[in-house]
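For reference, the chains in residue letters:
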Amino acid sequence: MSAGRGSASKRTFEFPVFSGGAVRFDLDTCVRCTTKACVEACNKPNLACVLELKDGVPALRVTREAAARGGCIECLACELACVTDGIGGIAFDLPMPEL
């Protein structure tokens, strides 16, 4: 869990990815989502399949270390599904030194 300065405590879940970035879930938002579209998107054939539902929210089905070693392929399918079919509880923080 983490809390922003001057704000109420927010439940978050974050894991590192191969590029050195991270994927962050706002679990307070995720628990209200009825579609859980991110988990469905991650588990499509030929994708990483690193997400599962646990206690009604997205969770890693692999270890954090496995996700960081490339288990999460950073395809952004979960984030796109969350924005289009969910309620926007995912944020990717990926390094882009060329920008």
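Cut-offs and rules
The residue count restarts for each chain, going from 1 along the sequence in the order it is written. Reporting of local features is limited, given that this is a predicted model, to residues whose pLDDT is at least 70; pairs of side-chain atoms are given and counted only at 80 or more, and all residues count toward the totals for whole chains, interfaces and linings. To get the side-chain values, all heavy atoms of the structure are used, and hydrogens and water are removed first. Strand pairing requires that DSSP identify at least two bridges connecting the strands. Numbering of helices and strands runs from the N terminus, with a helix taken as a DSSP run of H or I at least four residues long and a strand as a DSSP run of E at least two residues long. To define axes, lines are fitted to C-alpha atoms, for helices over the stretch in contact only, and angles between the resulting N-to-C directions are given on a 0 to 180 degree scale. Every definition here rests on a 1 Å grid over the protein atoms only: cavities are sets of points where a 1.4 Å probe fits but cannot get out, pockets are open sets enclosed by protein on both sides within 12 Å along at least five of seven lines, and lining residues have some atom within 4 Å of a point. Grid points are joined across faces, edges and corners, and a volume is the space filled by probe spheres set on the points. Here the nonpolar group is Ala, Val, Leu, Ile, Met, Phe, Trp, Tyr, Cys and Pro; Asp, Glu, Lys and Arg are the charged ones; every other residue, Gly included, is treated as polar. Throughout, exposure labels follow a simple rule: accessible area from a 1.4 Å probe, protein chains only, divided by the maximum for the residue type, with under 20% read as buried, over 50% as exposed, and the rest as partly exposed. Directions drawn from the helix axis to the C-beta atoms are what define this arc. It only takes one pair of heavy atoms within 4.5 Å for two residues to be counted as in contact.

1. Looking at the sheet that holds strand 3 (residues 12-16)
Point 1. Read across the open sheet, the three strands follow the order 3-4-7; overall the sheet is antiparallel. The open sheet has two free edges, formed respectively by strand 3 and strand 7 (90-93), since each of these has just one partner strand. With strand direction ignored, the average angle separating the axes of adjacent strands in the sheet is 15°.
Point 2. Sheet analysis places strand 3 next to strand 4 (residues 22-26), joined by five bridges and oriented antiparallel. When the bridges of strand 4 are listed, Thr12 appears paired with Asp26.

2. A look at the pairing of strand 5 (residues 51-54)
Point 1. Note that strand 5 and strand 6 (residues 57-60) share four bridges and pair antiparallel. Opposite Lys54, over in strand 6, you have Val57 as the bridge partner.
Point 2. Counting the residues in the hairpin turn of strand 5 and strand 6 gives two residues, including Asp55, whose phi is positive at 55°.

3. Some details on empty space enclosed by the protein
Point 1. Counted according to the given criterion, the structure contains two cavities of 30 Å³ or more.
Point 2. Its volume calculated, the largest cavity comes out at about 110 Å³.
Point 3. Contributing to the lining of the largest cavity are 16 residues, with Cys42, Val50, Cys72, Cys75 and Cys78 lying nearest its centre.
Point 4. Sorting the residues of the lining of the largest cavity by element identifies strand 4 and helix 4 (77-85) as the ones contributing at least two each.
Point 5. Classifying every residue of the lining of the largest cavity gives 15 nonpolar, no polar and one charged.
Point 6. By volume, the second largest cavity amounts to about 70 Å³.
Point 7. In terms of lining, the second largest cavity is formed by Thr29, Cys30, Cys33, Lys36, Ala37, Cys38, Pro58, Cys82, Gly86, Ile87, Gly89 and Ile90.
Point 8. Among the secondary structure elements, those contributing two or more residues to the lining of the second largest cavity are helix 1 (27-30) and helix 2 (37-42).
Point 9. Grouping the amino acids of the lining of the second largest cavity by side-chain chemistry returns eight nonpolar, three polar and one charged.

4. Points about helix 4
Point 1. Of the residues making up helix 4, those classed as buried are Cys78, Ala81 and Cys82. Take helix 4 and look down its axis: the buried residues cluster within an arc of 100°, on one side only. Facing away from the buried side of helix 4 by more than 90 degrees, the exposed set consists of Leu80, Val83 and Thr84.
Point 2. In this structure, the buried residues of helix 4 make contact with helix 2, strand 5 and strand 7.

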